[in-house]
Amino acid sequence: MTSATDIEHPDCITHLLPEAMMASLARSFLRLTSIGFGFMDKDGVKVVIVNPLEEMCGAVTGNDVELIGYCRKTREKLAVLHDTALASRKLGRHEPTHHECLYGLGYSTRAILMEGDTIGYLSLGPYLPQACHPPSTEAQNRMGEAAAARLQEIYDSLTPLSHVDASAVLASSCGIVELLADYAYKVSVAGQMQCISMEENYRMLLEKNRELQETKIRLEELDRLKSNILSTISHEL
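Here the structure is a predicted model, which is why all the values come from computation and not from measurement.

Novice: Explain the overall build of the protein to me, and be specific about the residues and the numbers.
Specialist: Regarding its fold elements, the protein presents eight helices and five strands. Ordered by position from the N terminus, the helices and strands of the protein form the series α-α-β-β-α-α-α-β-β-β-α-α-α. Of all 237 residues assigned to the protein, the portion counted as buried reaches 37%. Residue pairs in contact within the protein that sit at least 24 positions apart in sequence constitute 64% of those at least 6 positions apart. Per element, the accessible surface of the protein, about 14,500 Å² overall, is 56% carbon and sulfur.

And the structure:
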């Protein structure tokens, strides 16, 4: 029999919001801010990434496998970089952290929280940090003139964003996501409780039917006994 202790409590963003909804949210945030957004699950695994500069970034890295790998690693390890930075700086889980890719573009990450627990991560970027650092010497040496020109195009197309503003954008966006996740959580738990209640009502109905059936059998037996007794008395008389 299912009981309240059997209720599943979703603890990951992927169990609360469908991927299509997260993609829609990321695109909406992009339209509002002109900056890409990404969702990661509670283990830091990428779920959705909407990056308006994907094609331009690809043009900069070209076919250089190492540069492509480094860019991918930066994006895929944002949650790890975030948790490491929080631990080293002894910050709370709600605090954002800021990181730069090989080309000096910024990424900011914040945990998506529910009742103080991390259920996923939201990343903002790439954007042009207000204090933008030039590409590393290694990256500059590996880039040709065309790639360098394309990188400059990226710089010129972006509005510089301070870490304070990036943090504010992430806080607002996470607030929306957390409200939706909390609603989905409550709907999930309420649905499970309703199912448990229906199962319990059905079990009680079966039990009542069984008791009524047993009572009916006993009454029929009493009726037969009464008939036999009356028949015997009638015969004696």
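Text resumes after the structure shown.
Novice: Tell me about the pairing of strand 5 (residues 117–127), and name the residues and values.
Specialist: Within strand 5, 10 of the 11 residues are buried, which leaves it mostly tucked inside the rest of the structure. Direction of pairing for strand 1 (residues 37–41) relative to strand 5: antiparallel, over a ladder of five bridges. By the bridge assignment, glycine 38 is partnered in strand 5 with serine 123. The antiparallel hairpin formed by strand 4 (residues 106–114) and strand 5 contains two residues in its connecting segment, where glutamate 115 sits at a positive phi of about 55°.

Novice: A description of the packing of aromatic side chains should follow, citing residues and the corresponding values.
Specialist: Under the counting rule described, the total for this entry stands at one aromatic pair. Each ring, one from phenylalanine 29 and one from phenylalanine 37, has its centre 5.1 Å from the other, and the planes form 55°; the classification is tilted. The burial state of phenylalanine 29 is the same as that of phenylalanine 37; both residues are buried.

Novice: Talk me through the environment of leucine 170; I want residue IDs and the actual numbers.
Specialist: Inspection of the secondary structure puts leucine 170 in helix 8 (residues 163–236). Relative accessible area serves as the criterion here: at 0%, leucine 170 is assigned to the buried category. Along the backbone, leucine 170 and serine 108 are 62 residues apart, and their C-alpha atoms lie at a distance of 7.8 Å. If sequence neighbours within four positions are ignored, leucine 170 has contacts with Pro96, Ser108, Thr109, Arg110, Leu122, Ser123 and Leu124.

Novice: Any chance you could break down the nonpolar core for me, citing the residues and the numbers?
Specialist: Counting residues in hydrophobic clusters, the biggest one holds 31 residues, and the most contacted among them are Ile13 and Phe39. Contributing elements (two or more residues each) for this core: helix 1 (13–16), helix 2 (19–33), strand 1, strand 2 (46–50), strand 4, strand 5 and helix 8. It is helix 8 that provides the largest number of residues to this core, a total of eight residues. Excluding residues that lie within four positions of it along the chain, phenylalanine 39 makes contacts with Met22, Leu25, Ala26, Val45, Lys46, Val47, Val48, Ile112, Tyr121, Leu122 and Val177. In terms of nonpolar packing, the next biggest core, distinct from the first, is built from 19 residues, Ala79, Leu151, Ile154 and Leu158 among them.

Novice: Quick rundown of the sheet that holds strand 3 (residues 97–100)? Include the residues and the values.
Specialist: With antiparallel pairing, the five strands of this open sheet are ordered in space as 2-1-5-4-3. Only two strands of the sheet have a single neighbouring strand rather than two, namely strand 2 and strand 3. Sheet twist, expressed as the average angle between the axes of neighbouring strands with direction ignored, equals 20°. Where helix 2 meets the sheet, it contacts strand 1, strand 2 and strand 5, and its direction lies at approximately 30° from that of strand 2. In this fold helix 5 (residues 78–89) packs onto strand 1, strand 3, strand 4 and strand 5, with an angle of close to 125° to the strand it touches most, strand 3.

Analysis parameters
- Numbers given to residues run from 1 along each chain, matching the order in which its sequence is written.
- In keeping with the model being predicted, local features are shown solely for residues with a pLDDT of at least 70 and side-chain atom pairs are shown and tallied solely at 80 or more, while totals for entire chains, interfaces and linings include all residues.
- Heavy atoms from the whole structure form the basis of all side-chain values; hydrogens and water molecules are not counted.
- Comment: elements are numbered from the N terminus, with helices defined as DSSP H or I runs of at least four residues and strands as E runs of at least two.
- A simple rule labels every residue: compare its accessible area, found with a 1.4 Å probe on the protein chains alone, to the largest value its type can have, and call it buried under 20%, exposed over 50%, or partly exposed in between.
- The contact definition used throughout considers only heavy atoms, calling two residues in contact when any of these lie within 4.5 Å.
- Using the Shrake-Rupley algorithm and a 1.4 Å probe, accessible areas are obtained, with residue cover drawn only from the displayed protein chains.
- When DSSP finds at least two bridges between two strands, those strands are taken to pair.
- Pairing of aromatic rings covers Phe, Tyr and Trp, the last through its six-membered ring, and needs centres within 6.5 Å; plane angles under 30 degrees mean stacked, over 60 mean edge-to-face, and all others mean tilted.
- The set of buried Ala, Val, Leu, Ile, Met, Phe, Trp, Tyr and Cys residues whose side-chain atoms join them within 4.5 Å is what this entry labels a nonpolar core.
- Whenever a helix is involved, its axis is fitted only over the stretch in contact; in every case the axis is a line through C-alpha atoms, and angles between N-to-C directions fall within 0 to 180 degrees.

Everything listed is a geometric property; what it means functionally is a separate question.
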